[in-house]
Amino acid sequence: MLRIAVQSKGRLYDETMELLAQAGIKFPAVKRTLLVPSRNFPVEILYLRDDDIPDSVATGTADVGIVGMNEVLEKCQRVKVLHQLGYSRCRLSLAIPRDVAYDGVKWFEGKKIATSYPRILKDFLMRNGINADIHVINGSVEIAPGIGLADGIFDIVSSGGTLVSNNLVEVEKVVDSQAVLIGGDCQLPDEKQKVLNELIFRFKAVKDADGKKYLLMNVPREKLDEVVAILPGIKSPTILPLADENWCSVHSVIEEANFWDVATRLKEAGAEGILVLDIMKMVP
Ligand code: ATP
Ligand code: MG
């Protein structure tokens, strides 16, 4: 049984459980304990605070873990990234009060910076030759400048909304983060490694299908070249004959973001009966 450490509640929890569900891995509806075996796949989940996940993997309490890259970098444990999962994207940035004039990273010289990520910040300041006073607080870092606790902050930013509502402005992006699957240093026993390989294979199939749609349409044969040229398909589109030999059916996969642009051009080129279908998984 492969043991996966997952955040017990918080920003990573929902999307991680959704990813496992899309990968066909089922768990009991109610979580009564901290260690929950899957109903249909040889894995069990160990629910932890995200801060404890890198350590649990490094020490072998869990075989693998799903956690933000920010925690992996901060905790500096002996773990390796096995797969980038693509959700919970954010960045760690320096921010200062909006009404302060900023003249580059040397502004932070001699200043007090509040953060929950002292290690990453210390490393950044050292690389830039800056001496600053790092003040560690866990949670609500963004209010520190407003109450006179610090001159600036170093914290997670995604939309930037929290900064705006605290009259702060992002001045230096230090590192990008997303949810990652991490593993330990040691070789897993064969049985567990097999389960892990299958898990990564399924995660990839779910991720590859994300944001993609399956497109079908009918096209007059004489317009085929024009229509095919519009399709930014993964490989060449599938072209099937129809009962009416002057027409054929064209199938392709497109990025959802391009759908309206592509659909309009396909219609103009003579395509009819355009259908768009969800893709659940994509196995290369
Ligand atoms: P815990 O109680 O488990 O310690 P936490 O309060 O430390 O939880 P959360 O706020 O739940 O952490 O965030 C978990 C992770 O989600 C972060 O470490 C980061 O990788 C990511 N994250 C945090 N804020 C955002 C955001 N605004 N947008 C996207 N991802 C985010
Ligand atoms: Mg935490």
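Preceding block: the structure.
Treat the numbers as computed from the prediction; the structure is a model and nothing was measured.

The rules behind the values
- Residues numbered from 1 in each chain as written.
- Chains lettered and ligands numbered in written order.
- Predicted model: local features only at pLDDT ≥ 70, side-chain atom pairs only at ≥ 80, totals over all residues.
- Heavy atoms only, no water.
- Buried < 20%, exposed > 50% of the residue type's maximum accessible area, 1.4 Å probe, protein only.
- Helix = DSSP H or I, 4+ residues; strand = E, 2+ residues; numbered from the N terminus.
- Arc of directions from axis to C-beta.
- Donors = N, O, S within 2.8 Å, 3.2 Å for Na, K, Ca; no water.
- 1 Å grid on protein atoms, 1.4 Å probe; cavity = no way out; pocket = protein on both sides within 12 Å on 5 of 7 lines; lining within 4 Å.
- Points joined across faces, edges and corners; volume = space filled by probe spheres on them.
- Nonpolar A, V, L, I, M, F, W, Y, C, P; charged D, E, K, R; others polar.
- Domains from an automatic or database assignment.
- Pairing = 2+ DSSP bridges.
- Axes fitted to C-alpha atoms, helices over the stretch in contact; angles between N-to-C directions.
- Contact = heavy atoms within 4.5 Å.
- Near = heavy atom within 4 Å.
- Polar contact = N/O pair within 3.5 Å; in protein donor to acceptor, adjacent residues only side chain to side chain.
- Areas by Shrake-Rupley, 256 points an atom, 1.4 Å probe, with all protein chains shown as cover.
- Sits in = over half its atoms within 2 Å of the grid points.
- Phe/Tyr/Trp six-rings, centres within 6.5 Å; stacked < 30°, edge-to-face > 60°.
- Lys NZ or Arg CZ within 6 Å of the ring centre and 35° of its normal.

Asks: Please provide a residue-by-residue account of helix 4 (residues 118–127), values included.
Replies: Within helix 4, burial applies to Ile120, Leu121, Phe124 and Leu125. All buried residues of helix 4 lie within an arc of 130 degrees about the axis, which places them on one face of the element. Away from its buried face, by an angle of more than 90 degrees, helix 4 presents the exposed residues Lys122, Met126 and Arg127. Downstream of helix 4 by one or two residues, Gly129 has phi in the positive range, about 65 degrees.

Asks: Requested: an account of the coordination of the magnesium ion (ligand 2), with residues and values cited.
Replies: Protein ligation of the magnesium ion (ligand 2) involves Asp50 (OD) and Asp51 (OD), the donor distances falling in the range 2.0 to 2.1 Å. Taking the relative accessible area as the measure of exposure, Asp50 reaches 17% and is therefore buried. Judged by relative accessible area, which is 23%, Asp51 ranks as partly exposed.

Asks: For the layout of surface pockets, give the residues involved together with the corresponding values.
Replies: Gaps left between atoms are located by rolling a probe of water-molecule size over the structure's atoms. Approximately 1,100 Å³ is the volume attributed to the largest pocket. For the largest pocket, the lining is made up of 37 residues, of which Arg11, Asn70, Tyr117, Asp155 and Ile156 are closest to its centre. Mapped by element, the contributors of at least two residues to the lining of the largest pocket are helix 3 (69–75), strand 9 (152–157) and helix 5 (161–165). Here the lining of the largest pocket takes 4 residues from strand 9, the largest share from any one element. Residues belonging to the lining of the largest pocket are distributed by class as follows: 10 nonpolar, 16 polar and 11 charged. When we break the lining of the largest pocket down by domain, the ones giving at least three residues each are domain 1 (2–87 + 178–209) and domain 2 (90–176). There is about 490 Å³ of room inside the second largest pocket. Taken together, 21 residues make up the lining of the second largest pocket; nearest its centre are Gln22, Val206, Lys207, Ala209 and Asp210. When we break the lining of the second largest pocket down by domain, the ones giving at least three residues each are domain 1 (2–87 + 178–209) and domain 3 (212–278).

Asks: Kindly report on the sheet that holds strand 2 (residues 35–37), identifying the contributing residues and their values.
Replies: What the 6 strands build is an open sheet, ordered 2-3-1-4-11-5; its pairing is mixed. Bordering the open sheet on either side are strand 2 and strand 5 (79–84), each of which pairs with just one other strand. Across the sheet, the mean angle from the axis of one strand to that of its neighbour is 30 degrees, orientation sign disregarded. Note that strand 5 and strand 11 (residues 179–184) share 5 bridges and pair antiparallel. For Lys80, the partnering residue across the bridge sits in strand 11 and is Gly183. On top of the sheet, helix 6 (residues 190–209) reaches strand 1 (2–7), strand 3 (43–48), strand 4 (64–68), strand 5 and strand 11; it is set at about 40 degrees to strand 5, its chief contact.

Asks: Summarise the site of ligand 1; cite the residues concerned and give the values.
Replies: Around ligand 1, the surrounding shell holds 15 residues, and the nearest of these are Arg11, Arg49, Asp50, Asp51 and Asn70. At 2.8 Å, a backbone N or O of Arg11 approaches an oxygen atom of ligand 1. Here an oxygen atom of ligand 1 and a side-chain polar atom of Asn70 are 2.7 Å apart. Within the complex, 75% of the 640 Å² of free accessible area of ligand 1 lies under protein. More than half of the atoms of ligand 1 fall within 2 Å of the grid points belonging to the largest pocket.

Asks: Any chance you could break down the packing of aromatic side chains for me, citing the residues and the numbers?
Replies: Remark: the centre distance and the inter-plane angle together describe each pair of aromatic rings, the angle taken between the planes. The final tally for this structure, using the stated rule, is 5 aromatic pairs. Ring geometry for Tyr102 versus Trp107: centroids 6.2 Å apart, planes at 55 degrees, classification tilted. An angle of 65 degrees between the planes, with centres 6.0 Å apart, marks the rings of Tyr102 and Phe108 as edge-to-face. When its relative accessible area of 26% is taken as the criterion, Tyr102 is described as partly exposed. The class for Phe108 is buried, based on a relative accessible area of 0%. Of the aromatic side chains, those joined through ring pairs into one cluster are Tyr102, Trp107 and Phe108. We note Lys111 situated over the ring of Trp107; from NZ or CZ to the ring centre the distance is 4.3 Å.

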